Amino acid sequence: MKKRIFTLLIALMLCVTGIMNWKIEAHAETVAEDIALSEIMTEDASVGYSQNQTWGVYYSDGYSIINKISSSKAGVGGVTNANVKCTVSVQAILERKNSSGNWARVSSWTQTNQNAYSAIISKSVTVASGYYYRVRCYHDAGTDTSSSYTNGVWIGN
């Protein structure tokens, strides 16, 4: 439990300050129907959470994170935690709500760690002002998978 809390606090801190930059690989993804209607938030940050799958051996939990840094900058990130050392990865996908009310992919980043307990992505990105943004994450640990997503956060004046 302490490991999970510590990992979440580190991820949130990195997301707010935007000090980590990882080499990224973009992947095309489709929007799942169950998350197409994310709530719109008035707060400046949102955290999505994914719990352990009851059938999984490796995967523990995962988080998606977005926060407003300024009127044109957002902190985005994701964390995947494993129960045992294995190959752990997190893919974070930044999405923007378009004029038709759908979420469209803006960018994505993937972090994979071998023989590890966690994988973390934290980015500070410049975005077009005046839109709602959210982060979706895909979490992999060993052979287990899960996903999480944030609510929409307004990035603008």
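Residues numbered from 1 in each chain as written. Predicted model: local features only at pLDDT ≥ 70, side-chain atom pairs only at ≥ 80, totals over all residues. Heavy atoms only, no water.

**Examining the overall build of the chain**
Piece 1. Looking only at helices and strands, the chain features one helix and eight strands.
Piece 2. When burial is assessed residue by residue, the chain has 43% of its 157 residues classed as buried.
Piece 3. Within the chain, contacts between residues at least 6 apart in sequence are counted, and of these 69% link residues at least 24 apart.
Piece 4. For the chain, the exposed surface amounts to about 8,000 Å²; the carbon and sulfur share of it is 53%. (Helix = DSSP H or I, 4+ residues; strand = E, 2+ residues; numbered from the N terminus. Buried < 20%, exposed > 50% of the residue type's maximum accessible area, 1.4 Å probe, protein only. Contact = heavy atoms within 4.5 Å. Areas by Shrake-Rupley, 256 points an atom, 1.4 Å probe, with all protein chains shown as cover.)

**Some details on the environment of I93**
Piece 1. In this fold, I93 is placed in strand 4 (residues 73–97).
Piece 2. Residues I93 and G77 lie 16 residues apart in sequence; the distance between their C-alpha atoms is 8.8 Å.

**A closer look at the packing of aromatic side chains**
The geometry of an aromatic ring pair comes down to the distance between the two centres and the angle between the two planes.
Piece 1. On inspection of all chains with the given rule, the structure shows three aromatic pairs.
Piece 2. Sitting over the face of the ring of Y131, R96 holds its NZ or CZ atom 4.3 Å from the ring centroid. (Phe/Tyr/Trp six-rings, centres within 6.5 Å; stacked < 30°, edge-to-face > 60°. Lys NZ or Arg CZ within 6 Å of the ring centre and 35° of its normal.)

**Some points on the confidence of the model for the chain**
Piece 1. On average, residues of the chain carry a pLDDT of 80, and 70% of them reach 70 or more.
Piece 2. Counting contacts from residues 13–37, a segment whose pLDDT is below 50, to residues more than four positions away or on other chains yields 57 contacts. (pLDDT = per-residue confidence, 0-100.)

**Thoughts on the pairing of strand 3 (residues 59–70)**
Piece 1. Within strand 3, nine of the 12 residues are buried, which leaves it mostly tucked inside the rest of the structure.
Piece 2. Where strand 2 (residues 45–50) and strand 3 come together, six bridges link them in antiparallel fashion. Residue pairing in the sheet places A45 in a bridge with N67 of strand 3.
Piece 3. Where strand 3 hands over to strand 4, the hairpin turn is made up of two residues, counted between the paired strands. (Pairing = 2+ DSSP bridges.)

**Here's the deal with the side chain of E95**
Piece 1. Take E95: it is sitting in strand 4.
Piece 2. On the basis of relative accessibility, which here comes to 0%, the residue E95 falls in the buried class.
Piece 3. Among the polar contacts made by the side chain of E95, one reaches the side chain of R134 at a distance of 2.5 Å.
Piece 4. Polar side-chain contacts of E95 include one of 2.7 Å to the side chain of R136. (Polar contact = N/O pair within 3.5 Å; in protein donor to acceptor, adjacent residues only side chain to side chain.)

**Describing the nonpolar core**
It is characteristic of soluble globular proteins that their nonpolar side chains tend to be buried jointly.
Piece 1. Among the nonpolar cores identified, the biggest contains 21 residues, and I66, V76, L94, W109, V125 and V135 are the most heavily contacted of them.
Piece 2. At the level of elements, strand 3, strand 4, strand 5 (103–126), strand 6 (131–141) and strand 8 (152–155) are the ones that each hand at least two residues to this core.
Piece 3. The residues contacting I66, other than those within four sequence positions of it, are D44, A45, S46, G75, V76, L94, Y133, R134, V135, T150, N151 and V153. (Core = buried A, V, L, I, M, F, W, Y, C linked by side-chain atoms within 4.5 Å.)

**Structural notes on unusual backbone geometry**
Piece 1. Not every positive phi belongs to a glycine, and N115 is a case in point at roughly 50°.
Piece 2. Along the chain, N115 turns up in strand 5.
Piece 3. Owing to a relative accessible area of 55%, N115 belongs among the exposed residues under this scheme.

**Some details on the pattern of salt bridges**
Piece 1. Inspection of the entire model under this criterion finds two salt bridges.
Piece 2. Residues E95 and R134 are paired through a salt bridge, measuring 2.5 Å at the closest nitrogen-oxygen approach. Separated by 39 residues along the polypeptide, E95 in strand 4 and R134 in strand 6 bring together distant segments of the chain.
Piece 3. Accessibility expressed as a relative area gives 0% for R134, which makes it buried.
Piece 4. With its nearest N and O atoms 2.7 Å apart, the salt bridge here joins R136 to E95. With R136 in strand 6 and E95 in strand 4, this residue pair connects regions lying 41 residues apart in the sequence.
Piece 5. Overall, the relative accessible area of 2% leaves R136 in the buried class. (Salt bridge = Lys/Arg side-chain N within 4 Å of Asp/Glu carboxyl O.)

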